[in-house]
Amino acid sequence: MGFEKIVNELPQSIFIMGFYTVKVQQILFFLTLTIFGCRSAAPEIFEGYDYDPEGVTETYDREIVQQHKRTIGFMEDRVWISNEFDGARVSDVYRLSKYSYRIEIHPEIEPINNSPWYAFKIWSEEPVSVEIELQYNSGQQRYIPKISRDGGGIWENTLDEEYTHRRSSRTGNLTLTITDEPVLVSAQEMFTTAHFQTWLDDITQKPFATNSVIGYSHENRQIQKLHFSEETGTAHRGVVILYGRQHPPEIPGYQVSLVFLETLAGNSELAKEFRNYFDVWAFPLMNPDGTDNGHWRTNAKGVDLNRDWKHFRQPETYAVKNELLKLKNQKNRTVLYGIDFHSTGRNIFYPIDSSHITNPHQFSVRWAEAIREEIPELSLGIQPFDIDSPIAKNWTYKTFGADAVTFEVWDEIPRELIEPFGVRSAEIFMEKMLEEYHLLFK
Ligand SMILES: [Zn+2]
């Protein structure tokens, strides 16, 4: 669009009124500046990260493929395979030969981010060794199978000699001894909404902790908020927001988030001091439908919830946003931080790029560096991002001016590190957040 065109498009009345000539010149000068200014600074519209499927930010309802829930019995082998439980995912099962089966894993919608989730039970009349070929469709293996022989209490990694992955054929071959006690095989440890409810019921025994239902998912599951507010605390309080489990298979991030919350709710002097000055608004399980339906990524309408923080077309993101907007312009509450828990290929924090002035400024980086120093075996990475994507972290900053982080826990983090990661990151967080509070509101 040229300058000539802009002049032509100005309302004629401006030119008719002679004594406004100077004014018009000023307007034209301003317009020129604006147009050229905008041209050089025009931000590109965010349409997804390079690993996202096309159209990921168009968060309208989509048609997903429902998984057929059933228990298949191979009578000639006396072996049964089932996906009839929450969190399960098996798309199809074939018998290849005696005690050998192919399990097909399809996502809820295609194309989709690479995160093939599967979970099933298998058992037999007599103890036998079986071969299971996992066929990853529309993706590549991301999770090495975990096994539980006690119904989901204790999980073990499969050993190298028990599982081999072939990238070229998108398959994994698992050798397993089974008995008449069902063995659970799952991409990661299983934590469904029932587990979350038990955890929530437990933590809300604390006098300062309450939970409330702030909305319902497409399939009518509760969207719950966990709230910490110590009544004996100071009148003017900081607020920390915690988001979690927007992406159902990202289990280590979910586990660390629960330990993190337990530490904030703990009996230590530090936690008590923290609760003197801070409230916590937490939404640790934001995608209950995806969780119980064993989805790879999305909610019941095939939408990646962490790309819906602009349009809020989905009930889960809408409910959380609506609840959080109550914090806007509250005299006695200042949102100072937001944490969104996820999992990926390594332990890494995604802070907000330092060119954006957050309040507090660059807290994420200082926090991450302190964690890295204290638990070097986490090899915690730090990679700042711009704020153009419609994700929870950016919405937190744009809405409240607060700093925020996407807190990524490695998919294959050694499980004994989950507890220390959650506890120490929370303790360092509380120490540093208290310092920020006193600097800001002394
Ligand atoms: Zn995620």
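One structure accompanies this document, and this report is about it.

The rules behind each value
- Residues numbered from 1 in each chain as written.
- Predicted model: local features only at pLDDT ≥ 70, side-chain atom pairs only at ≥ 80, totals over all residues.
- Pairing = 2+ DSSP bridges.
- Helix = DSSP H or I, 4+ residues; strand = E, 2+ residues; numbered from the N terminus.
- Buried ≥ 20, exposed ≤ 12 C-beta atoms within 10 Å, placed from the backbone.
- Contact = placed C-beta atoms within 7 Å.
- Expected span 1.5 Å × (residues − 1).

## Describing the sheet that holds strand β11 (residues 183-186)
The pairing of strands in a sheet comes from backbone hydrogen bonds and takes either a parallel or an antiparallel form. The strand order β1-β2-β5-β11-β7-β8 describes an open sheet built from six strands, whose pairing is antiparallel. Since the sheet does not close on itself, it has two edges, and those belong to β1 (71-74) and β8 (156-157), each with one partner. Here four bridges tie strand β2 (residues 79-82) to strand β5 (residues 119-124), and the two strands are oriented antiparallel to one another. Within β5, the position partnered with Ile-81 by the bridge is Ile-122.

## Quick notes on unusual backbone geometry
The phi angle of most residues is negative, glycine excepted, and most peptide bonds adopt the trans form. A cis amide bond, omega -10 degrees, links Glu-110 with the succeeding residue Pro-111. With omega at 0 degrees, the peptide bond leading from Asn-359 into Pro-360 counts as cis. By secondary structure assignment, the location of Pro-360 is in the loop between β17 (348-351) and α9 (363-374). Even without being a glycine, Arg-245 presents a positive backbone phi close to 55 degrees. Looking at the secondary structure, you find Arg-245 in the loop between β14 (237-244) and α5 (251-264). The backbone phi angle of Gln-362 is positive, close to 60 degrees, even though this residue is not glycine. Relative to the assigned elements, Gln-362 resides in the loop between β17 and α9.

## Observations regarding the environment of Tyr-94
Looking at where Tyr-94 falls in the secondary structure, it is placed in strand β3 (residues 92-97). For Tyr-94, a count of 13 C-beta atoms within 10 Å puts it in the partly exposed group. When residues no more than four places from it in sequence are discounted, the contact partners of Tyr-94 are Tyr-101 and Arg-102.

## As for α5
Helix length check: α5 (14 residues) gives 20 Å between terminal C-alpha atoms against 20 Å at 1.5 Å per residue, within 8%. Of all the 14 residues making up α5, twelve are buried; the element is thus mostly covered by neighbouring parts of the structure. Along α5, the positions that sit buried rather than exposed are Ile-251, Pro-252, Gly-253, Tyr-254, Gln-255, Val-256, Ser-257, Leu-258, Phe-260, Leu-261, Thr-263 and Leu-264.

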